[in-house]
Amino acid sequence: MGLGGESGENENEIPETKSNQPRGSTGQEDSSDERLSRQPSEASCYATEEEEEEARLQLGPKCSIKEHLEKDKDDESLRRWKEQLLGSVDVNSVGETLEPDVKILSLTILCPGRPDIVLQIPEDGDPKGVWFTLKEGTHYHLRFSIKVSNNIVSGLRYTNTVWKTGLKVDSSKEMLGTFSPQPEPYIHEMPEETTPSGYFARGSYAAKSRFVDDDNKCYLEINYTFGIQKEWVE
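Just so it is clear, the model here is predicted, and its values are computed rather than measured.

Novice: What's the story with the overall build of the protein in this structure? I'm lost.
Specialist: A tally of helices and strands in the protein yields 4 helices and 11 strands. Counting over 234 residues, the protein shows a buried share of 44%. Considering only contacts within the protein whose residues lie at least 6 apart along the sequence, 75% involve residues at least 24 apart. Carbon and sulfur atoms provide 47% of the accessible area of the protein, an area that totals close to 12500 Å².

Dropping the structure here:
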């Protein structure tokens, strides 16, 4: 997950990673990619560069949906944008709530010609054992199901960091977007990636994925391991 390397003919080198441009769900987009870093780092011990950057971000006070609607009433274009963003939100039921409630309902890996891999997310965010195994050189993309309640969540983004034998081999971030509350979950699909291939690409990886908003509030952190093998595990 998050390994976007191209297949290479030289199997004596650890493959570089390659990340795609993000596609935001509601208009706000951001992207950041990093090349291989040789600093020894474990998911459970050290903060990622993304977390350090997020810690420096300071935003103003939050507003309820009702307060958002009352601001700039005379600005017609802004009023229409707010109405489009909020859609069918019942302002009477959520209008005074400051904190959004964001739940990641499911995480699915889609590979052409293969059954979807639907991953169950434990309550503690730490799947036991190997969470999933992919074949080397496989094209895949991720699909998230996201439920938003109570208030608008601004700048929700997904970050993913991967380690192999104690070395960080991939770090990526994608802006998912700004979402208003609605009864049905949002479905967001990530850009296609390719698992690395070659002898040194195979084996076990440690990873950490996080879903964080513009206020640096983390709604889900998953620490897990996954594998890359020469063939699919049936």
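Novice: Sorry if this is basic, but what is going on with the environment of Val-148 here?
Specialist: Note that Val-148 resides in strand β5 (residues 139-149). We classify Val-148 as buried; its relative accessible area is 1%. Taking C-alpha positions, Val-148 is 6.9 Å from Pro-100, a pair spaced 48 residues apart along the chain. Apart from residues lying up to four places away in sequence, Val-148 is in contact with Asp-101, Val-102, Val-153, Phe-179, Ser-180, Pro-181, Gln-182 and Tyr-186.

Novice: What is the right way to read unusual backbone geometry from this model?
Specialist: The phi angle of most residues is negative, glycine excepted, and most peptide bonds adopt the trans form. Positive phi values are uncommon outside glycine, yet Thr-165 reaches one of about 50°. Note that Thr-165 resides in the loop between β6 (153-164) and β7 (167-179). For Thr-165, a relative accessible area of 71% gives the class exposed. We note that Asn-216 has phi near 65°; this positive angle belongs to a residue other than glycine. Accessibility expressed as a relative area gives 30% for Asn-216, which makes it partly exposed.

Novice: It is not clear to me how the pattern of salt bridges should be interpreted in this structure. Could you clarify?
Specialist: Any two side chains of opposite charge can pair, so long as their charged atoms come close to each other. Counted by the stated rule, this structure contains 8 salt bridges. Put simply, Lys-128 and Asp-124 hold a salt bridge, and the shortest N to O gap is 3.3 Å. Residue classification places Lys-128 among the exposed residues on the basis of a relative accessible area of 65%. Across the pair Asp-214 and Arg-157 runs a salt bridge whose closest N-O atoms are separated by 3.6 Å. Of this pair, Asp-214 sits in the loop between β10 (203-212) and β11 (218-229) while Arg-157 is found in strand β6, placing the two residues 57 residues apart along the sequence.

Novice: When you look at the pairing of strand β8 (residues 186-189) in this model, what are you seeing that I'm missing?
Specialist: Every second residue of β8 is oriented toward a common face, the buried set being Tyr-186 and His-188 and the non-buried set Ile-187 and Glu-189. Looking at chain direction, β5 and β8 are connected through 4 bridges and run antiparallel. Bridging from a neighbouring strand, Ile-146 pairs with Tyr-186 of β8.

Novice: Would you mind going over the nonpolar core with me for this structure?
Specialist: Residues Phe-144, Leu-156 and Leu-176 are the most contacted members of the largest nonpolar core, which totals 34 residues. When contributions to this core are tallied by element, the ones reaching two or more residues are β2 (101-110), β4 (130-135), β5, β6, β7, β10 and β11. With 6 residues, the single largest contributor to this core is β11.

Novice: For this particular structure, what's the right way to read the environment of Asp-213?
Specialist: Position of Asp-213 among the secondary structure elements: in the loop between β10 and β11. Assessed through its relative accessible area of 2%, Asp-213 is described here as buried. For the pair Asp-213 and Val-153, spaced 60 residues apart in sequence, the C-alpha separation works out to 6.8 Å. Setting aside chain neighbours within four positions, we find Asp-213 in contact with Val-153, Ser-154, Gly-155, Leu-156, Arg-157 and Tyr-219.

The rules behind these values
Residues numbered from 1 in each chain as written. Predicted model: local features only at pLDDT ≥ 70, side-chain atom pairs only at ≥ 80, totals over all residues. Heavy atoms only, no water. Helix = DSSP H or I, 4+ residues; strand = E, 2+ residues; numbered from the N terminus. Buried < 20%, exposed > 50% of the residue type's maximum accessible area, 1.4 Å probe, protein only. Contact = heavy atoms within 4.5 Å. Areas by Shrake-Rupley, 256 points an atom, 1.4 Å probe, with all protein chains shown as cover. Salt bridge = Lys/Arg side-chain N within 4 Å of Asp/Glu carboxyl O. Pairing = 2+ DSSP bridges. Core = buried A, V, L, I, M, F, W, Y, C linked by side-chain atoms within 4.5 Å.

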